[in-house]
Amino acid sequence: MGKIHVLDEALVSLISAGEVIENPASIVKELIENALDAEATNIEIQIEKGGIDSIVVSDNGEGIQKEDCLVCTLRHSTSKIESREDIDSIFTYGFRGEALASIAAIADLDIVTRYKDEEIGTRIKSSAGQIPDLTDASRAQGTRVEISELFKNVPARRKHLSDARVESQRVLDAVMKHAIIRNDIGFRFIRDGKLVLDCPSNQNPQERVLSLWGLDIASSLIEIKRKKKGINIQGFITDPTMSRGNRSRQFFSVRKRPIEDQSLSKTLEAAFSTLLMRGRYPMCALDIELDVAKVDANVHPTKREVRIQDFDDVRNVLRDILSNALKDSEPMAVPETLEDLVDTEKVDEPTVFHDASSARAEGRALLLEETILVKPVPSAEPDLDIKELGSIFNILGQVNMVYIVAATEEGLVLVDQHAAHERILYEQLRNQVNDGDVVVQELLEPIVLKLGVGEAEKILALDETLETMGFTVGSFGGNEVLVSTVPEILGKRVSDDELIALVDRILDIGEKDAVEQFMDELVKVTACHSAIRSGQKIGHEEAKRLIANLFETDGKYHCAHGRPSIVKISKKELDERFGRTGPEALARFRARHRLG
Ligand code: ADP
Ligand code: MG
């Protein structure tokens, strides 16, 4: 007897419906999940031209019974649930019986499958939207699904597909989501005839990371395997020495189902709290296993989200487990001397700039010492005219290692050192790029960047754009990229860590239709990355130069990303806050002079 049946109306109405097939990546996701549900131990994914030309997913799962082949492509045909009670405890990835039907409706389909207990296999072949043809066929146990002519009968949606490079990146992401969590399963990904990813089955998490992300990351893992309050957390996090400039390597799953949930990233980062600098993110692949009755997978058409009962408890447990794991893996250094103690409790004092001459002056730290003259320039932004800032800047110092404080005749002026520097570098590099005249710095020793699967190719595909910006990149084989020149604004001593952080941000820019737009983002990212960071101590001369240079720029009031770079607290505001003017001051004045 067959296993697949068509769900009745009543049951179908309980299932959250929606579009499952948006692009090649969503097809690949559904096919991988079908293979996993069929208990395959090896899955191979092949795409041509980003999957737009063809997608083939083959598995060694149990296969589809001959008699089921007639119905498996019908809407709401599934072997995975039968009654409404089943919806409350879903053990499989699929359960709606929609994927094959949705695919058959919009593309040509060619399935060859052989069920484990049957001798003869079956070929199911259909043209988009047509009734399938069944014939006998032979193959090893398992299933091979081939899809071509995607959206051939829905030209509007075909037009909506991105270019092959982008679609193929999306497919890789979809494969990665499963491959990083299911280290027990073998995954191969072949793109345009090239083997991009090759992970054998039965790897441990560390071996899997080695296959996917390389040795450096694999050797910095903290394995997580702990249970608390019935919640089992398994997988790994990277230790604080290894981090990324974005969250693209944070993977979470619930009962091995990949999910997207920002609150879990927040929980992870909370566990790291002060161990990582701002803007740095840990990597992880963590699976949350809890009672199946507490997980509702039926909330999102593509099952990308799940609803979890008592989710707060889950997050708390996750946080505890991760904090403990981090503590165990890194014994806290015990301060031995008084000096060490003092050092750890040192508060962040404001830095006061003073030079020898002024220190000599009266044996006390002179605050108002150095002045720079700022030429009043007509400003495009009338609400904060340069004249309003004042024209003589007395630079007082740096607060919290990020704000430069200056006194002017108009009040107090605060400059965000990072925002200001970013603005300066942004305009500088932008002008150089526009003039086709970027100042390039040759690296004495070219740097080899070990990137992740797919990342190297993405960077190499940008080589011409990067070149106009001063970066010379070349392939170093596999996932390695050789960098031999960088734009000069990046500074003299670039490290591979820094370049990797920059690569992360470049990969983050995403798709931009216009080249100029992409270039502009690239310039912004490079400027931001090259700029003085917050938390960096700067000297008086440097602060002076920074403010002077900032006033030479066109957009001096904002960093390249639009945050303010200058804030003014006017004399009037100071007077008011100190009760020198305003109603209270008036009342005092009247009282003192016995005015009614
Ligand atoms: P669902 O996964 O929600 O059940 P699908 O449309 O994805 O719906 O698949 C329909 C049915 O076809 C599945 O329930 C399963 O029985 C069968 N099937 C699909 N793909 C495979 C596969 N790779 N191996 C074995 N059976 C499969
Ligand atoms: Mg399915």
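Here, the structure is the one placed above.
Residues numbered from 1 in each chain as written. Chains lettered and ligands numbered in written order. Predicted model: local features only at pLDDT ≥ 70, side-chain atom pairs only at ≥ 80, totals over all residues. Heavy atoms only, no water.

### Description of the state of the cysteines
Summed over the entire model, instances satisfying the criterion amount to zero disulfides. Free cysteine: cysteine 528, not disulfide-bonded; nearest cysteine sulfur from cysteine 559 at 7.3 Å. (Disulfide = S-S within 2.5 Å.)

### A word on the sheet that holds strand E10 (residues 194-199)
Pairing is mixed in the open sheet, where eight strands are placed in the order E7-E6-E5-E8-E3-E2-E9-E10. Two strands close off the open sheet at either side, each with one partner strand: strand E7 (133-137) and E10. In this sheet, neighbouring strand axes are inclined to one another by 10° on average, regardless of whether the strands run parallel or antiparallel. In the sheet, strand E9 (residues 186-191) pairs with E10 via five bridges, with the strands oriented antiparallel. Opposite arginine 188, over in E10, you have aspartate 198 as the bridge partner. Together, strand E5 (108-114), strand E6 (121-126) and strand E8 (142-148) form the strand contacts of helix H3 (residues 99-106), whose direction differs from that of E5 by roughly 140°. (Pairing = 2+ DSSP bridges. Helix = DSSP H or I, 4+ residues; strand = E, 2+ residues; numbered from the N terminus. Axes fitted to C-alpha atoms, helices over the stretch in contact; angles between N-to-C directions. Contact = heavy atoms within 4.5 Å.)

### Comments concerning the side chain of threonine 73
Looking at the element boundaries, threonine 73 is found in the loop between strand E3 (54-59) and strand E4 (77-78). Discounting chain neighbours no more than four positions away, the residues touching threonine 73 are Leu100, Ala101, Ala104, Leu109 and Pro132.

### Re the site of ligand 1
Near ligand 1 there are 19 residues, and of these Asn34, Thr78, Ser79, Lys80 and Gly97 occur at the shortest range. Within the side chain of threonine 78, one N or O atom sits 2.5 Å away from an oxygen atom of ligand 1. For ligand 1, an oxygen atom lies 2.6 Å from a polar atom in the side chain of serine 79. Within the complex, the protein chains bury 94% of what would otherwise be the 540 Å² of accessible surface of ligand 1. (Near = heavy atom within 4 Å. Polar contact = N/O pair within 3.5 Å; in protein donor to acceptor, adjacent residues only side chain to side chain. Areas by Shrake-Rupley, 256 points an atom, 1.4 Å probe, with all protein chains shown as cover.)

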